[in-house]
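Commentary on secondary and tertiary structure
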Amino acid sequence: MNEVDFLLWVKGSAFNIALFIFVAGLVLRLFEILSLGRKVNYAVPKGDPMQGGLREIFRRFGTDKATFQRSMLTIVAGYVFHIGLFVVIFLLAAHVEVFKSVLGFGWPNLSTPVVDAFAVVTMIALVVVLIHRLQHPVKRFLSSPGDYVAWAVTFVPLLTGYMAYHHLLLSPQMMLGLHILSVEVLLIVFPFTKLMHTFTVFLSRWYNGASMGLRG
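Residues numbered from 1 in each chain as written. Predicted model: local features only at pLDDT ≥ 70, side-chain atom pairs only at ≥ 80, totals over all residues. Heavy atoms only, no water.

**Digging into the packing of helix α7 (residues 112–135) against helix α9 (residues 145–165)**
- Two numbers describe how α7 lies on α9: the axes approach to 10 Å, and their chain directions differ by 150°. When the axis of α7 is compared with that of α9, the two are roughly antiparallel. Where α7 crosses over α9, the two elements pack in a sense that is left-handed. Contacts from T112, P113, D116, V120, T122, M123, L126, V127, L130, R133 and L134 in α7 reach D147, Y148, W151, T154, F155, L158, L159, Y162 and Y165 in α9. (Axes fitted to C-alpha atoms, helices over the stretch in contact; angles between N-to-C directions. Helix = DSSP H or I, 4+ residues; strand = E, 2+ residues; numbered from the N terminus. Parallel < 35°, antiparallel > 145°, perpendicular 65-115°, else oblique. Left-handed = near helix turned anticlockwise from the far one by under 90°. Contact = heavy atoms within 4.5 Å.)

Below, the structure written as structure tokens:
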């Protein structure tokens, strides 16, 4: 398989397989969570659970002063790489075209140099988070192999995308192919790792907020 064949394969069959596994895994994991159900609460409601759930979703985007001072590096780096990932994934022109081909619609994009800058900042933030995890004794003890897998499959697409855009190391066709392949690996492992929190975080926040809202 030459470079052109490899690029056509990752753009075609490999992408379709990865997308199928991603969607099927996502549906399965969400079904597992939602099928657990909730116990019937016979207490008289003292508040609005829907309002409480929505309030908790947005409230948890912030943090209290004491927590921020205690974990400033983790919080700042976390916000930086989450925002950066959003920009890179959803606002790069080439990525918008991919979403358009899959979903049937697109949206405005940012200029490529701007997204490229976000990619660099995001990679730096991810490296900082990893170094901090390795150096912090408690976080290192609590970390599982899955944490490092989640980090790697998030970082590698950023790195290969940056290298493909700047024509570094390998030929443009091969580097682009490796970038697409790394994204496909991310799609495949996404539903089965802690990256699934991208979706479940809002379910858990709403559930906790709704419970507190019900109690008033």
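The structure having been displayed, the exposition proceeds.
**Here we look at α7**
- The first and last C-alpha atoms of α7 sit 35 Å apart over 24 residues, in line with the 34 Å expected at 1.5 Å per residue.
- When we look at burial in α7, the residues that qualify are V115, D116, A119, T122, M123, A125, L126 and L130.
- As for α7, its buried residues are in contact with α5 (72–91) and α9. (Expected span 1.5 Å × (residues − 1). Buried < 20%, exposed > 50% of the residue type's maximum accessible area, 1.4 Å probe, protein only.)

**Here's the deal with the packing of aromatic side chains**
- Within the structure shown, the criterion is met by eight aromatic pairs.
- Judged by centre distance (5.2 Å) and plane angle (20°), the ring pair of F90 and F99 falls under stacked.
- In this structure F99 comes out as partly exposed when scored by relative accessible area, which is 25%.
- Between W151 and F155, the aromatic rings sit 4.8 Å apart at their centres with planes inclined by 10°, giving stacked as the arrangement. Residue W151 and its partner F155 are both found in helix α9; the two are separated by four residues, about one turn of the helix. We note that W151, like F155, is buried.
- These aromatic residues form a ring-pair network of at least three members: F86, F90, F99, F105 and W107. (Phe/Tyr/Trp six-rings, centres within 6.5 Å; stacked < 30°, edge-to-face > 60°.)

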